[in-house]
Amino acid sequence: MGDVAENLSLTDARLAEMSLPTGGWSEAARSDALSRVRQMDLPERRDEYWKYTRPDTLTQPGAVPAALFNNDEAPIFGEMDRLNIVFVDGVFDAEASDDLSLEGIRIDRLAEASADIHWARDLYGALEAKGQDPVQRPLAALNTAFATDGVLIHVTGKPSKPINLTYHHRSETSDAILHHVIKLDAGAEVTVLENGPAAARFNKCMEVDVAHDATFHHVRAQGRDHERRAATHIFARLGTESVFKSFTLTANGVLTRNECVIELTGDDAVAHVAGACVGDGDFHHDDTVFITHDAVGCESRQVFKKVLRNGATGVFQGKILVKKDAQKTDGYQISQSLLLDEDSQFLAKPELEIYADDVACSHGSTSGAIDEDALFYLRSRGVPEGPATDLLTLAFLAEAVEEIENEDLREEINARLSAWLERHRS
Amino acid sequence: MLSIKNLHVKLEEEDKQILKGVDLEIEAGKVHAIMGPNGSGKSTLSYVLSGKDGYEVTDGEALLEGEDILEMEPEERAAAGLFLAFQYPVEIPGVGNMTFLRTAVNAQRKARGEEEVSAADFLKLIRARAKELKIDAEMLKRPVNVGFSGGEKKRNEILQMAMLEPKMCILDETDSGLDVDAMKLVAEGVNALRSEGRGFLVITHYQRLLDHIKPDVVHIMADGRIVKSGGPELALEVENNGYSDILAEVA
Ligand SMILES: Nc1ncnc2c1ncn2[C@@H]1O[C@H](COP(=O)(O)OP(=O)(O)OP(=O)(O)O)[C@@H](O)[C@H]1O
Ligand SMILES: [Mg+2]
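Because the structure is a prediction, the values reported are computed rather than measured. (Residues numbered from 1 in each chain as written. Chains lettered and ligands numbered in written order. Predicted model: local features only at pLDDT ≥ 70, side-chain atom pairs only at ≥ 80, totals over all residues. Heavy atoms only, no water.)

A. Region of the structure containing the coordination of the magnesium ion (ligand 2). Residues and elements named next belong to chain B. Ligation of the magnesium ion (ligand 2) by protein atoms is provided by Ser43 (OG) and Gln87 (OE1), these donors lying 2.0 to 2.3 Å from the ion. With Ser43 in helix α1 (residues 42–50) and Gln87 in the loop between β6 (82–85) and β7 (92–96), this residue pair connects regions lying 44 residues apart in the sequence. Each member of the pair Ser43 and Gln87 is classed as buried. (Donors = N, O, S within 2.8 Å, 3.2 Å for Na, K, Ca; no water. Helix = DSSP H or I, 4+ residues; strand = E, 2+ residues; numbered from the N terminus. Buried < 20%, exposed > 50% of the residue type's maximum accessible area, 1.4 Å probe, protein only.)

Given below as structure tokens:
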């Protein structure tokens, strides 16, 4: 009894401070999502899915204040030819954003889309709702219900440059909720970039519907402000012969939970999800991935690498579910940590659940330290200990970073990683 | 060039003395060879000189051009001009051979207050040196020593030596695992580097390498000491009769 009352109060306390945006095409989806939240309740420590990550600061009313990060490092992707869309503490900044029109793509804002956008109405909250089974993700439902803004991207062709969502953090107490919906038509192709600390607390959801033969590239850099907290979700549905590739760099952050839920629904689709994270001190990073194979001949890869030091914590919960008819599935999952000292920890829960008989699935998880022999070899050639350690660390992260197909983006990410490592040497 | 006096070394973790008073004087421009039974302490000497962890110097000294190297970090010894071709070169997955070498060359230059080499100049140089050692360009792109055959690893050590141009080169059994032609290549690589200002310490079990790299002095190490030194004929004696006569003689 006591439990139930407490549980109710947690969800109610959070909901009490929020108001559901009303009117417009998303109203029905939002109210459905609110019912899901009430029915599931917000996550608590004792929930199995939150065993390694404390959800309390993500669910409590109001954000824990987060100091702004001051250093003169220029924002990532800034030098690239891109269409930049800027949010400051979760609020769209028209002045700082580029013109939203571009050939082959149509971009609307969630907060502005008063007219009925048919495709978005069919999709908004739909993939999130689908992704609640078999594991509940209440923070994503909360997002669908209360998101204040986001972008609705309809990709009809192959736009000439990437779409960059930039999230600035300016207020120490900002509590932002954004929801993006991306739909790729058959044969379309787009690259979506995301970067920036966003807010003191950030709840972000991205639903991606990739039609047959379409290709979606996603590269995200979560960095800078260490005290920020984030819970993000990606829900993707993949059609026949489509390709979905997502890479995330996470540097700093007292709490980040990145969930990625992918359903391969068309034959011969390909889904790659990768992450590289580097954390120092009270860093806590959680990658939670759930990939469902529900079609024949699909390929999925999960590659997650974590570098942890001074008591940092890394979490990986990754699952490959292969349904009965998903024959010829090729599933690969690896999660590895490089622990730079004995205080840091890596908690991994790799899972395979396979109902088809003709599949090739492999998974592995390891924790290790710097290879002393390799370090000595480098030093004996004149490379000082710091740079030698960095070189070995970058080598460790390489398998994840190499999941980024575009060379320029790969280099941007590697440059950030190098700079971070150099700043955080012992 | 390299002056080792009364060097005593034990294992850090165990109470085991390995080097029991090594004296060795290698002059610039000279090639010294060390032979000796397995386990006599040859590799240990090379590791201690280059600064590997796990050993404790309990007595004695080692000076490189008058500077006490035993107090230096491994990278400082390298920048000072010391080079060790490893008996067992280390594989480093994820680090490209070329990146590795360029980082090393530039780190040493930086430590010595010299200009870094440009990517283009470096590329030109490494291509030429690699060709001399019959190392194909594809191997330069691969991760350091990963998937290299035993002989390729040894040739890669010599390539590194050629690129780093050290003053004092220690080669620990660089000939083992090499076929006849590769041994010739390695010897040519070494001979090409022989010069007035450079010293060599070649650790080997076989006379054959010494046919190609003619040593000035040959030492026999046994049980952590240099027990006998002589000219090239000493290596021939070992080749023909093994160590028993020599060891009996000095016992
Ligand atoms: N780290 C270590 N731990 C334990 N024993 C060691 C260690 N390093 C060296 N030794 C021991 O010290 C002795 C000398 O070893 P070392 O490798 O120097 O011999 P070596 O002369 O190079 O032999 P080989 O001709 O077989 O290469 C051996 O008995 C070896 O087992
Ligand atoms: Mg040896």
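B. Molecular detail of the sheet that holds strand β8 (residues 201–210) of chain A. All names here are of chain A. Spatially, 9 strands are ordered β3-β4-β6-β8-β10-β12-β14-β16-β18 in an open sheet, and the strand pairing comes out mixed. Two strands bound the open sheet, and with one partner strand each, they are β3 (105–109) and β18 (345–354). Adjacent strand axes in the sheet meet at a mean angle of 10° when their direction is disregarded. In this sheet, strand β10 (residues 229–238) lies alongside β8 in parallel orientation, the contact comprising 10 bridges. Its bridge partner lying in β10, Met206 is registered against Ile234. (Pairing = 2+ DSSP bridges. Axes fitted to C-alpha atoms, helices over the stretch in contact; angles between N-to-C directions.)

C. Looking closely at a negative patch on the surface. There is a patch of like negative charges on the surface, built from Asp371(A), Glu372(A), Glu12(B), Glu13(B), Glu14(B), Asp15(B) and Asp53(B). As for its placement among the helices and strands, Glu12(B) is situated in the loop between β1 (2–11) and β2 (17–26). (Patch = residues over 30% accessible without salt bridge, like charges linked within 9 Å, V, L, I, M, F, W, Y side chains within 5 Å. Areas by Shrake-Rupley, 256 points an atom, 1.4 Å probe, with all protein chains shown as cover. Salt bridge = Lys/Arg side-chain N within 4 Å of Asp/Glu carboxyl O. Lys, Arg positive; Asp, Glu negative; His and termini not counted. Charge placed at Lys NZ, Arg CZ, Asp CG, Glu CD.)

D. Focus on the UniProt feature "domain: ABC transporter" (unreviewed entry) in chain B. UniProt records the feature "domain: ABC transporter" (unreviewed entry) for residues 2–248 of chain B in the present numbering. The span residues 2–248 of chain B is 40% helix and 28% strand, and its two end C-alpha atoms sit 29 Å from each other. (UniProt positions renumbered as here; feature names shortened; annotations may be inferred.)

E. Structural view of the packing of helix α3 (residues 97–111) of chain B against helix α4 (residues 119–132) of chain B. Residues and elements named next belong to chain B. The N-to-C vectors of α3 and α4 enclose an angle of 115°; their axes lie 11 Å apart at closest approach. One finds that α3 runs roughly perpendicular with respect to α4. Both α3 and α4 take part in a crossing whose hand is right-handed. Of α4, the residues touching α3 (which contributes Met98, Leu101, Arg102 and Val105) are Ala119, Phe122, Leu123 and Ile126. Residues of the contact of α3 with α4, tallied by class, amount to 7 nonpolar, no polar and 1 charged. (Parallel < 35°, antiparallel > 145°, perpendicular 65-115°, else oblique. Left-handed = near helix turned anticlockwise from the far one by under 90°. Contact = heavy atoms within 4.5 Å. Nonpolar A, V, L, I, M, F, W, Y, C, P; charged D, E, K, R; others polar.)

F. Seen up close, the state of the cysteines. All names here are of chain A. Scanning the entire structure with this criterion turns up 0 disulfides over all chains. Not part of a disulfide, Cys260 finds its nearest cysteine sulfur in Cys205, a span of 11 Å. Taking the relative accessible area as the measure of exposure, Cys260 reaches 5% and is therefore buried. Note on Cys361: no disulfide assigned, nearest cysteine sulfur contributed by Cys298 at a separation of 11 Å. (Disulfide = S-S within 2.5 Å.)

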